[in-house]
Structure formats: structure tokens, C-alpha cells
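An overview of the molecular structure
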Amino acid sequence: MNQSFYAAAVAASQQQQRMNVTANNLANVNTAGFKAEQANFSDLLYRNWTGPDDVQLPRGSGSRMIQTTTDFAQGALMQKNEGQNYAISGDGFFALRNPETGEVSYTRSGNFHWGSVQQQDGTVFYLCDPDGYYVLNQAGQPIPLGEDSEADYPVGVFDFANTDGMLHLGSNRFAPVAKNGAVMEGTGTVIHGMLEASNADVGTEFAKVIEAQRSYSYALKMVQTQDEIESTINGLRNG
């Protein structure tokens with residue numbers, strides 16, 4: 001297949017993936033603790049072809065989206081007095097433990113509630129996230145309900161030396177990978193009665209939509225132009 005068709009087709013499909021990332025950011029503008037993602041592109045394989053005077057010239061085969069990176073910049077803090085709501089001012093994450101597997105993940109979303117757990121000695125209530133994961137204190141233990149359900153409880157803050165490349169699990173939860181290093185105590189301050197808003201910016205995301213639309217239209221124009229060239233060449237041959 002002609003290289004121009006291939007490069008244009010790849011470009012169009014990759015811009016569609018870029019739009020998916022942007023659409024997800026826009027859909028979560030009002031989601032507490034959401035962290036916007038950025039699509040990153042890289043050029044594909046280069047090959048050499050022989051030009052005038054036998055000069056070897058590079059010929060690219062397009063580009064593709066290689067990964068998405070998460071922007072962990074802090075969102076605005078908004079007051080949310082009712083219930084067990086927490087925000088982190090500064091760096092760090094809340095730690096959540098899956099009650100079934102024991103796996104620990106991390107989030108910036110602090111909209112918690114009291115979840116009931118049936119034990120042999122009766123029903124026990126622990127601070128949980130909307131999915132029922134236990135919120136951990138600084139010692140890495142679940143937080144039980146005390147005498148006052150509205151009181152300020154000791155929610156822990158954890159962090160990593162490098163947050164780049166953390167695995168996005170969904171529901172605003174992240175899991176560390178090898179390059180993030182060992183978990184350590186976070187430097188951020190927990191504020192009870194507040195929630196961190198999404199850091200996705202509508203203006204920025206719509207600018208990305210326009211960029212993706214134009215890149216997509218240029219790719220289709222490239223297909224159209226190459227098709228016209230091919231038709232002209234075939235017409236000359238038939239003539």
C-alpha cells in the first residue's frame with residue numbers, strides 16, 4: 001500500500017484515540033479528585049530511501065499515541081461539610097484497601113462514608129470510599145467508627161518519590177509501578193469538611209478538541225490528495 005495512505009490512516013485513527021482521552025477529561029470536570037490525562041505521541045519507524053545522487057533520505061511512517069500521562073496537579077478545594085469528606089492540601093494520596101484482595105490503591109478523592117462489616121462479634125463500621133474500599137490511617141490500618149460519626153478522623157496521607165506512570169485503575173484510584181518507588185509518608189495536610197475538585201480545565205480540553213479535529217481533517221485531506229495523484233497516474237498509464 002502507498003506509504004501516504006498508510007501514514008494518513010494511522011494519523012486519523014490516533015487522533016480518534018486522542019479525542020477519547022479528551023472526552024474522558026471533559027466528562028469528569030465535575031468529578032471530585034479527578035486527575036486529567038494527557039495523550040503523548042511518538043513518531044513511528046523511519047526508513048531510508050535513495051534520493052538524487054544516491055543520497056539516503058529518511059521516510060517516516062506516521063505517528064501514534066504511545067501512552068497517556070496523568071496530571072497530578074492539585075484541583076481547587078471546595079467546602080463539603082456534611083458527611084465524611086476530606087481533601088489533601090499539598091502532595092500525597094489517600095490509601096484504600098480492597099476488603100476482598102487486600103490490595104492497596106491510592107486516590108485524591110476524599111468523599112468517604114461509613115461502611116458496615118459483619119464480623120463474629122457483630123457489625124463494625126469502617127471509613128470507606130464509594131466502592132467499599134477501606135480508608136487507611138497513617139499506620140496503614142482501616143479506620144473504625146468512634147462515638148461521633150461526624151468527627152474528624154485520622155486519615156493517612158501517603159506519597160511516592162516519583163508519581164509518573166502510576167497505573168490508573170478507574171474510579172479515581174491509582175496503583176504504583178516499579179519506577180514510583182516505595183510508598184512513604186505524604187507531606188500534604190488533610191482537611192476535614194473539604195473536597196478537592198477535578199483539575200480538568202474546560203477551556204484547555206476544548207482547545208485539544210479543536211487541535212484533534214484539525215489534525216484529523218488534515219489526515220483525511222492527505223488521503224484525498226494521494227487518491228487524486230493515484231487516479232492521475234493511472235489515467236496516464238491508460239492513455
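See the structure printed just above.
Here's a quick rundown of the structure. The shown structure was predicted, so the numbers you read here are calculated from the model rather than taken from an experiment.

1. Here's the deal with helix α1 (residues 3-27)
Between its first and last C-alpha atoms α1 spans 36 Å; for 25 residues at 1.5 Å apiece the expected length is 36 Å, and the two agree. Ala 7, Ala 8, Val 10, Ala 12, Gln 14, Gln 15, Arg 18, Val 21, Thr 22 and Asn 25 are the residues of α1 that are buried.

2. Examining the environment of Val 202
Structurally, Val 202 is set in helix α2 (residues 202-238). With relative accessibility at 38%, the residue Val 202 sits in the partly exposed group. For Val 202 and Asn 180, which are 22 residues apart along the polypeptide, the C-alpha to C-alpha distance reads 29 Å. Discounting residues that sit within four places of it in the chain, Val 202 has contacts with Leu 26 and Val 29.

3. Some thoughts on unusual backbone geometry
Most peptide bonds adopt trans geometry, and most residues besides glycine take a negative phi value. Phi at Ser 171 is positive, roughly 55 degrees, even though this residue is not glycine. Looking at the element boundaries, Ser 171 is found in the loop between β13 (167-170) and β14 (173-175).

4. Side note on the nonpolar core
If you look at the biggest cluster of nonpolar residues, it comprises 14 residues, and the most contacted ones within it are Phe 93, Tyr 106, Tyr 126, Tyr 134 and Met 166. Setting aside residues no more than four positions away along its own chain, Tyr 134 makes contact with Ala 95, Leu 96, Arg 97, Pro 99, Val 117, Tyr 126, Leu 127, Cys 128 and Pro 142. Tyr 86, Leu 96, Tyr 153 and Val 157 belong to the second-largest nonpolar core, a separate cluster that totals 13 residues.

5. Regarding the pattern of salt bridges
Enumeration according to the criterion identifies 6 salt bridges in this entry. One salt bridge connects Lys 80 with Glu 82, and the closest N-O pair in it is separated by 3.8 Å. Residue classification places Lys 80 among the partly exposed positions, given a relative accessible area of 34%. Given the relative accessible area of 52%, Glu 82 is considered exposed. In this structure, the salt-bridge partner of Arg 108 is Glu 196, at a minimum N-O distance of 2.9 Å. One end of the pair, Arg 108, is in the loop between β8 (104-107) and β9 (111-119); the other, Glu 196, is in strand β17 (residues 194-196), and 88 residues separate them in sequence.

Criteria and cut-off values
- Residues numbered from 1 in each chain as written.
- Predicted model: local features only at pLDDT ≥ 70, side-chain atom pairs only at ≥ 80, totals over all residues.
- Heavy atoms only, no water.
- Helix = DSSP H or I, 4+ residues; strand = E, 2+ residues; numbered from the N terminus.
- Expected span 1.5 Å × (residues − 1).
- Buried < 20%, exposed > 50% of the residue type's maximum accessible area, 1.4 Å probe, protein only.
- Contact = heavy atoms within 4.5 Å.
- Core = buried A, V, L, I, M, F, W, Y, C linked by side-chain atoms within 4.5 Å.
- Salt bridge = Lys/Arg side-chain N within 4 Å of Asp/Glu carboxyl O.

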